[in-house]
Each structure stands twice: as C-alpha cells, then as structure tokens.
Amino acid sequence: MDPIERIVQATVRGDEEQCVALARQVLDQGLDPLDAIQRGYSQAMVIVGDLFARMEYFLPDLMLSARAVNSAMQVLKPHLLEQGVGGGHGTIVLGTIQGDLHDVGKNIVKIMLQASGFEVHDLGVDVPVRRFIEKAEEVNADIIAASAILTTTMAYMPDIGRLLAELGLHDRFRIMVGGGPVTAEWAAQIGADGYGENATEAVELAKRLMGEKRGGDSR
Amino acid sequence: MITIWDAVGRSESGPYIKEEEFDWQVGLTARKMVEKYGICYDPEQVVPADDDLADRVYQASLDLFLEWGTYCRDTGRLVKFTRDEVEWALKHAPTTVTYGQGRDQAVMVYRGVEDPTPPFCMCTPVGQSVAEERFVAMVQSYAQEPLADTFSSAFSQTVHGRPIKSGTPQEVEAAIWNVIKLREAARAAGRPQIGIHNLVSNAERTDAILAAMQADLGALPNDGLAVAATAELKFDYERVKKAIFMRHSGHNKYGLYGTLMGGYSGGPEATALVQVAHHFLGLLVFEVQHHCGFPLHLMQSCNSTRNLLWVISVGTQALSRNTRLLVNIAPFTAAGPCTDMVVNEIVAIVAAATVSGADLDALAVARNKHPEYATGMEARIAAEAGHVVAWQGLGRGEVNEIVKQLLTEYEDKIAQAPLGKRFDECYDLARVQPTQEYLDLYEQAKARLSKLGLDYSLL
C-alpha cells in the first residue's frame with residue numbers, strides 16, 4: 001500500500017505508534033516529509049474532522065488522532081526546518097475570555113487548528129483581554145481567537161478590537177470569536193474578523209484569515 | 001456523616017492530577033464501564049422500558065464516580081468518596097423541596113418511573129438574552145403560566161443601559177437589578193410570592209450573587225440558586241462559595257449538569273453514565289437539594305436528538321429507580337418559538353423525561369443562543385405535555401412510540417431548524433399575552449398530538 005495511504009489510515013485510527021513508525025519510514029526512504037504531512041497526516045485530520053462533525057467520532061477519538069499526528073510531527077519537523085520549509089499555516093493565540101471557565105469547545109478548536117498545521121498558543125480559561133494581546137505580540141501571532149460560553153463574559157469580546165486599536169495594533173492581528181452565545185452577527189457588530197460556529201468552521205476561518213493576511217488585505 | 005467540608009478538605013489533600021489527564025480518564029473509564037455493564041443504546045428504544053438496563057446504568061455511573069470522584073480546578077486535586085459515603089448522602093438527601101410562599105407555594109416531590117404525579121414545572125427562558133426594556137415582560141410571560149410552580153430569569157443585555165461584564169462593578173449592579181425585576185414580574189403576573197428557582201443568573205462571581213440575594217430586594221427566604229458543575233465532573237471554589245453561603249442563608253440550591261455528548265465522554269452510553277455521576281457530585285460537593293440535568297449534543301446544542309432523548313430517559317430512570325433524588329430535566333430545542341418543530345421537540349423531550357421520573361426546568365429554545373427567541377408559550381407547551389403524560393398514566397412503551405413518531409417529524413431538520421419568531425412577534429407586549437397566531441399553531445399541534453395518544457382533554 002502507498003505509504004501516504006497508510007499514514008491516512010493510521011491517523012484516522014488514532015494509531016500513534018504506527019503514525020510515528022510511518023514518519024520514520026518516510027525519512028528512511030527519502031520521501032518528501034512535506035508531502036507526507038500535506039497529503040498524509042493533514043488530509044487524514046480533515047477526514048477525522050468530518051467524522052467528528054457528523055458525530056461518528058467523538059472527542060476522545062479526535063484527541064487520539066491529534067496525539068498521533070503531533071508525535072509524527074516531532075519526527076518530521078526537524079527535517080522540514082533543515083530543508084528550509086516551515087512556519088506552518090500561521091500562529092494563533094487562543095483562550096476562553098475573562099471570567100469564563102468553560103473550555104471544552106476551545107479545546108476542540110485547539111486540537112483541530114494544531115492538526116491543520118497552525119501553531120497554537122493556548123492561554124487556557126479566564127484570560128484577560130490584555131493577556132491575549134501581550135501573548136500575541138510576544139509570539140508574533142497572526143490571529144487572536146477568543147471563546148465565551150456566557151453572555152456576561154461575551155461582553156469582554158469587543159474590548160479585544162478596542163484595545164488593539166488603542167495600541168495601534170489593529171492591522172497586526174486578525175480576531176476570530178466563537179462559543180455558545182456568540183453569533184456571526186455579534187462578531188460583525190464588535191468588529192471581529194470572523195466567527196466559527198464549530199471547530200471545522202473555525203479552521204476554515206483561520207485559513208481564510210491567513211490567506212487574507214498573507215495576501216496583504218487591509219481592513 | 002459527610003458534609004461539604006469533607007469535600008473542601010479533600011480538595012486540598014486529594015491526589016494531584018493534570019486537568020487534561022482527568023478529562024481523558026473520565027471518558028476512558030466511562031467507556032470501560034459501558035462495556036463492563038453491557039450498556040447499549042438502541043435507537044428504536046428511545047424511551048427504554050428495561051429496568052435492568054436502568055439499574056446497570058446506575059451501577060456503572062456509581063462505579064465511575066467511585067473510581068475518579070470529581071476534580072477541583074482550583075487545586076488540581078481529585079476529590080474522591082467511598083461507597084459508604086455516597087450511600088449515606090443518598091439516604092439523607094431531600095425528597096421534597098418547597099418554593100414560594102402563601103398561595104403561591106409549591107412543593108417538588110420525588111417522582112418515580114411512570115409516576116402519575118405531574119412533574120414540578122420550573123418555567124424559565126434559561127437566561128435567554130433580551131433587551132432591557134422587554135426583560136420584565138419576557139419573564140412575566142413565564143411566571144404567569146398557570147402550571148408554573150416557579151420561574152426564573154432571562155438575561156437582560158444591559159442594565160441601566162450599560163452592558164454586564166463578569167467580575168466588574170456593573171455585575172453587582174446587574175445582579176441586584178435582576179432580583180428586583182424578577183419580583184416585579186411576579187407581582188405583574190399576579191403571583192407575588194411565587195418561588196424563583198434561580199434568582200441570579202446574570203452574574204458569575206459570588207460577590208455579585210451575595211449582594212443580590214436580599215429580602216429587601218424581593219428575594220424570598222426559599223428562593224433558589226443554581227450551582228453548576230463544569231464539564232465533565234469538575235468544580236471550582238467559586239461554585240462552592242455559593243453553596244456555603246446558601247448553607248447558612250437557607251435558600252434552596254440545585255445542581256446544574258450539562259454533559260456534552262460527543263465531548264470527553266463520547267457516545268450516548270458513556271454520556272448517560274457521566275450525566276448520572278454528576279448527581280453524586282452535586283449531592284456531595286455542593287449539597288444541593290435538587291438536580292437539573294441538561295445533557296447536550298455537542299454539535300447541535302440541543303437535547304431533542306434521538307440519542308440525547310435516550311440519554312435523558314435512561315439516566316433519569318437510573319436515578320429514579322435507585323435513589324429518591326429530585327431529578328429535573330431542562331429541555332433544549334433546536335427550533336425557535338412559534339414553529340411546529342419546537343412543539344414537537346418540546347413534547348418529545350418532556351414526554352421522555354416525565355415518564356422516566358423527572359421534573360421539568362422548562363426550557364431553552366433556539367439552542368439558547370439567539371437573543372429574543374424565547375417565550376412563556378414554550379414553557380406552557382412543556383408543562384402541559386408533562387401533566388398530560390403523568391395524568392394519563394402513560395407507560396414507557398407508549399411514550400416510546402409517541403416520541404418515535406415525533407422524531408420522524410423533526411429529526412432530519414435539526415441541523416437547519418427554523419429560528420421561529422422573536423418574543424415581541426409572539427406576544428402582545430402591552431398585555432403580555434401570546435398572539436392568536438401562536439395560540440392557533442399550538443391548538444393545531446395539540447390536535448395532531450392527540451392523534452398520537454396524548455389526551456389534552458385532561459388539562
């Protein structure tokens with residue numbers, strides 16, 4: 001069987017041991033690690049994401065596949081850097097906003113973003129707006145992604161754009177929001193760059209925002 | 001004897017574990033228990049009439065809780081209990097709770113499976129967001145429902161024109177305003193001493209809640225407050241602080257548990273186990289008097305799907321058959337007000353919950369997400385369905401057939417459910433009465449439901 005196909009199957013199964021072994025095999029056989037990532041591991045995570053969206057897979061299955069991919073990446077990443085390839089899809093600072101302790105949705109988005117090649121800095125829960133921005137500056141992030149499940153905490157979301165504007169950082173970071181009471185209308189109202197209804201949409205949105213940013217679109 | 005202070009003590013001395021590992025282990029152990037006890041979801045038995053299945057779900061949930069206990073997010077420590085301690089707490093748990101005073105007093109009592117006692121009806125928009133100027137009218141629309149035993153709050157988008165932010169001075173102001181306005185709505189409904197089961201739902205911090213729960217503002221001594229566990233089987237000190245306060249104040253308190261199907265616990269079987277196990281957490285860590293479950297579909301944010309109806313039914317049966325806890329279910333629908341679909345979803349959830357032994361915390365509509373999309377009519381639909389199912393003495397087999405018929409009407413529309421109409425489109429706001437359009441829609445729906453076997457003439 002084609003090694004790429006085996007990578008896809010092992011990843012969909014969440015077989016960490018096999019995913020790592022296949023990553024080593026890619027290097028041993030002189031195959032292109034970037035191709036293995038793009039057509040193998042990343043493509044498999046798209047399949048896993050679809051299965052999860054249809055609830056044929058559940059969060060533990062998603063976590064198993066993501067863990068398997070992460071372990072394989074540890075094998076492949078140094079070789080990508082040697083080839084001068086890297087940087088991934090972009091860097092995202094993620095967290096549940098101030099006052100809010102809910103994190104299941106945020107954690108799912110994190111897994112899906114990481115599995116799609118984004119570098120994600122997860123600040124956890126109850127994250128003050130200024131902390132999002134400080135971290136985004138520190139890691140030179142592309143996107144700030146905030147989640148809220150409560151109406152009282154959602155009210156902090158407008159402060160992200162407001163503070164960025166105040167600090168003259170408005171054009172440097174894209175903002176995406178999500179969570180229980182958050183809607184597309186709310187996102188537009190507060191000047192966020194996008195809203196993800198679920199983890200799959202969040203990944204698509206992040207890719208779109210990165211495309212816009214790298215394409216030099218100004219707001 | 002075991003008290004809340006044992007839980008607090010163990011939160012400082014129990015085994016340390018990373019939160020991610022706890023999340024993982026709860027899901028893993030739940031699935032292990034599902035296999036051990038041979039628990040299997042059957043989509044044709046949405047409301048199973050299998051006592052042995054319900055008992056196995058209960059035993060598996062108890063085993064899960066005994067193995068992992070619960071997790072304190074403030075200290076990162078496990079808080080575990082012995083079987084004897086859980087059994088002692090269950091034995092001494094309240095079997096009745098009284099809300100309200102005078103002629104508005106109502107008593108929640110233990111309900112068994114297929115119990116002819118009608119469910120206690122807590123009527124509420126479940127914190128649905130609403131404009132400040134419509135807040136009183138919206139909550140009045142729930143308080144005035146004749147079958148409402150208690151009522152509770154919407155979420156005003158602003159208070160005195162200012163948005164409410166958790167942890168700010170405005171949160172304290174908003175919490176106080178909320179209590180004043182809820183009691184004002186009760187008076188406007190002609191039920192001045194009706195119980196309010198969740199007095200402060202627009203504040204997260206304990207200081208704001210404590211500031212608001214004052215008799216002078218309109219709080220009755222036995223009004224209540226929800227104390228929520230976080231997904232899955234976790235708690236934090238902010239919640240325990242509320243529980244400690246109510247231990248002294250005498251207000252009623254109830255647990256809120258929203259297990260996510262598709263989340264850490266996985267599929268319907270393990271979700272049912274985790275949902276049941278939350279009741280042990282509520283009893284032992286928060287010392288609550290009654291327990292409100294709202295298991296949710298991770299993707300659809302509702303519990304009207306076939307598998308969630310099974311979770312609701314089998315979980316409630318497990319508790320009703322093996323304990324005398326006061327178990328409430330909060331329906332969450334995908335569709336919004338003034339739609340045929342919302343009626344079908346409500347009746348399906350309520351029928352499954354009522355025949356299984358639950359009382360009702362009714363209810364969240366339109367996925368509890370869209371501002372202004374909630375009305376007292378949905379609570380009426382829920383309360384009436386619950387009363388009909390109980391008074392008719394329907395059995396689980398009969399309800400299973402009714403629920404399956406209802407599912408054929410809406411199951412394939414859940415992902416694209418209609419949003420329906422806003423509160424101000426469904427009610428005459430001056431009189432706070434539903435529009436003729438909504439009344440007609442419900443009358444026609446009842447005619448259809450009667451053909452399925454629900455006898456609305458009993459009302």
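The rules we used
Residues numbered from 1 in each chain as written. Chains lettered and ligands numbered in written order. Predicted model: local features only at pLDDT ≥ 70, side-chain atom pairs only at ≥ 80, totals over all residues. Heavy atoms only, no water. Helix = DSSP H or I, 4+ residues; strand = E, 2+ residues; numbered from the N terminus. Rg over C-alpha atoms; globule rule 2.2 N^0.38 Å. Buried < 20%, exposed > 50% of the residue type's maximum accessible area, 1.4 Å probe, protein only. Contact = heavy atoms within 4.5 Å. Areas by Shrake-Rupley, 256 points an atom, 1.4 Å probe, with all protein chains shown as cover. Lys, Arg positive; Asp, Glu negative; His and termini not counted. Charge placed at Lys NZ, Arg CZ, Asp CG, Glu CD. Axes fitted to C-alpha atoms, helices over the stretch in contact; angles between N-to-C directions. Left-handed = near helix turned anticlockwise from the far one by under 90°. Nonpolar A, V, L, I, M, F, W, Y, C, P; charged D, E, K, R; others polar. Salt bridge = Lys/Arg side-chain N within 4 Å of Asp/Glu carboxyl O. Pairing = 2+ DSSP bridges. Buried area = accessible area lost by both parts, 1.4 Å probe. Polar contact = N/O pair within 3.5 Å; in protein donor to acceptor, adjacent residues only side chain to side chain. 1 Å grid on protein atoms, 1.4 Å probe; cavity = no way out; pocket = protein on both sides within 12 Å on 5 of 7 lines; lining within 4 Å. Points joined across faces, edges and corners; volume = space filled by probe spheres on them. Core = buried A, V, L, I, M, F, W, Y, C linked by side-chain atoms within 4.5 Å.

1. Here's the deal with the overall build of chain A
Moving on, step 1. The helix and strand inventory of chain A stands at 10 helices and five strands.
Moving on, step 2. For chain A, whose C-alpha radius of gyration is 18 Å, the value lies close to the compact-globule estimate of 17 Å for 219 residues.
Moving on, step 3. Its C-alpha atoms put chain A at 55 × 35 × 25 Å along the principal axes.
Moving on, step 4. Each of the 219 residues in chain A was classed as buried or not, and the buried ones make up 54%.
Moving on, step 5. Contacts in chain A between residues far apart in sequence, at least 24 positions, make up 72% of those at least 6 positions apart.
Moving on, step 6. A total of about 9400 Å² of accessible surface is found on chain A, and carbon and sulfur atoms cover 48% of it.
Moving on, step 7. Charge centroids of chain A, computed over 20 positive and 31 negative side chains, lie 3 Å from each other.

2. Quick notes on the packing of helix H2 (residues 16-28) of chain A against helix H3 (residues 33-53) of chain A
Residues and elements named next belong to chain A.
Moving on, step 1. Direction vectors running N to C along H2 and H3 enclose 145°, while the axes themselves pass 9 Å from each other. Between H2 and H3 the crossing geometry is right-handed. In this structure, H2 uses Cys-19, Leu-22, Ala-23, Val-26 and Leu-27 to contact H3, whose residues at the interface are Pro-33, Ala-36 and Tyr-41.
Moving on, step 2. A per-class count over the contact of H2 with H3 returns eight nonpolar, no polar and no charged.

3. What to know about the pattern of salt bridges
Moving on, step 1. A complete count under the given rule lists 43 salt bridges over all chains for this structure.
Moving on, step 2. The residue A:Glu138 makes a salt bridge to A:Lys135 at a minimum N-O spacing of 3.3 Å. Remark: A:Lys135 and A:Glu138 occur in helix H6 (residues 129-138); sequence separation between them is three residues, near one turn of the helix.
Moving on, step 3. Residue classification places A:Lys135 among the buried residues on the basis of a relative accessible area of 14%.
Moving on, step 4. Across the salt bridge formed by B:Lys234 and B:Asp23, the nearest N and O atoms sit 2.8 Å from each other. Taken together, the positions of B:Lys234 in strand E13 (residues 234-235) and B:Asp23 in helix H2 (residues 19-36) put the pair 211 residues apart, joining distant regions of the chain.
Moving on, step 5. B:Lys234 gets classed as buried once you look at its relative accessible area, which sits at 0%.
Moving on, step 6. The exposure class assigned to B:Asp23 is buried, which follows from its relative accessible area of 5%.
Moving on, step 7. Ionic contacts of the salt-bridge type, sharing partners, join the residues A:Asp103, B:Glu19, B:Asp23, B:Arg73 and B:Lys234 into one network.

4. Details of the sheet that holds strand E5 (residues 194-195) of chain A
Residue and element names in this part refer to chain A.
Moving on, step 1. Pairing is parallel across the open sheet formed by five strands, whose spatial order is E2-E1-E3-E4-E5. Bordering the open sheet on either side are strand E2 (118-122) and E5, each of which pairs with just one other strand.
Moving on, step 2. Sheet topology places strand E1 (residues 90-96) next to E2; five bridges connect them, and they run parallel. What sits directly across from Leu-94, in E2, is Asp-122.
Moving on, step 3. Packed on one face of the sheet, helix H5 (residues 104-115) meets E1, E2 and strand E3 (143-147) and runs near 150° to E2.

5. Regarding the interface of chain A and chain B
Moving on, step 1. Chain A puts 30 residues into the contact, and the matching count from chain B is 31 residues.
Moving on, step 2. In total, about 2600 Å² of surface goes out of reach between chain A and chain B, with carbon and sulfur atoms giving 64% of it.
Moving on, step 3. The interface formed by chain A and chain B holds three salt bridges in total.
Moving on, step 4. Here B:Arg73 and A:Asp103 are joined by a salt bridge, their closest N and O atoms 3.2 Å apart.
Moving on, step 5. Linking chain A with chain B are 11 residue pairs in polar contact (both at pLDDT 80 or more).
Moving on, step 6. Listed by contribution, the elements that provide at least two residues to the side of chain A that touches chain B are H3, helix H4 (59-82), H5 and helix H7 (151-154) of chain A.

6. A few points about the pairing of strand E16 (residues 290-293) of chain B
Remember that side chains alternate between the two faces of the sheet whenever the strand is regular.
Residues and elements named next belong to chain B.
Moving on, step 1. Every second residue of E16 is oriented toward a common face, with His-290 and Cys-292 on one face and His-291 and Gly-293 on the other, all of them buried.
Moving on, step 2. For strand E14 (residues 252-257) and E16, the ladder comprises four bridges, and the chain directions are parallel. The residue bridging Leu-256 from the neighbouring strand is Cys-292, located in E16.
Moving on, step 3. Here E16 runs beside strand E18 (residues 327-329); their pairing, made up of three bridges, is parallel. Bridge pairing in E18 places His-291 opposite Val-327.

7. Topic: empty space enclosed by the protein
All names here are of chain B.
Moving on, step 1. Taken as a whole and judged by the stated rule, the model has two cavities of 30 Å³ or more.
Moving on, step 2. Broken down by element, the lining of the largest cavity gets its largest block of residues, five residues, from helix H10 (residues 306-322).
Moving on, step 3. In this structure, the second largest cavity spans a volume of roughly 40 Å³.
Moving on, step 4. Forming the walls of the second largest cavity are Arg-111, Glu-114, Asp-115, Pro-116, Thr-354, Val-355, Val-389, Ala-390, Gly-393 and Leu-394.
Moving on, step 5. For the lining of the second largest cavity, the elements supplying multiple residues, two or more each, are helix H11 (340-356) and helix H12 (376-391).
Moving on, step 6. Of the residues contributing to the lining of the second largest cavity, the split by class is five nonpolar, two polar and three charged.

8. Considerations on unusual backbone geometry
Residue and element names in this part refer to chain B.
Moving on, step 1. With omega at -20°, the peptide bond leading from Ala-231 into Glu-232 counts as cis.
Moving on, step 2. Along the chain, Glu-232 turns up in the loop between strand E12 (224-228) and E13.
Moving on, step 3. Of note, the bond from Ala-362 into Leu-363 is cis; its omega dihedral lies within 30 degrees of zero at 5°.
Moving on, step 4. Inspection of the secondary structure puts Leu-363 in the loop between strand E19 (359-362) and H12.
Moving on, step 5. Phi is positive for Val-432, which is not a glycine, with a value near 50°.

9. Digging into the nonpolar core
Moving on, step 1. In terms of nonpolar packing, the biggest core is built from 226 residues, with A:Tyr41, B:Phe151, B:Val200, B:Phe280 and B:Phe286 touching the most fellow members.
Moving on, step 2. For B:Val200, the residues in contact, after removing those within four places along its chain, are B:Ala175, B:Asn178, B:Val179, B:Ile209, B:Ala212, B:Met213 and B:Leu225.
Moving on, step 3. Core analysis: the next-biggest nonpolar cluster, separate from the first, contains 28 residues, A:Ile97, A:Ala136, A:Ile144 and A:Leu164 among them.

10. Focus on the environment of B:Val274
Moving on, step 1. Mapped onto the elements of the fold, B:Val274 is located in helix H9 (residues 268-286).
Moving on, step 2. Remark: the alpha-carbon pair of B:Val274 and B:Glu19, spanning 255 residues in sequence, is separated by 17 Å.

11. Let's talk about the side chain of B:His291
Residue and element names in this part refer to chain B.
Moving on, step 1. Along the chain, His-291 turns up in strand E16.
Moving on, step 2. For His-291, the side chain forms a polar contact with the side chain of Tyr-257, separated by 2.8 Å.
Moving on, step 3. Aside from chain neighbours lying at most four places away, what touches His-291 is Gly-255, Tyr-257, His-279, Gly-282, Leu-283, Leu-325, Leu-326, Val-327 and Asn-328.

Taken by themselves, the reported measurements are silent on function.
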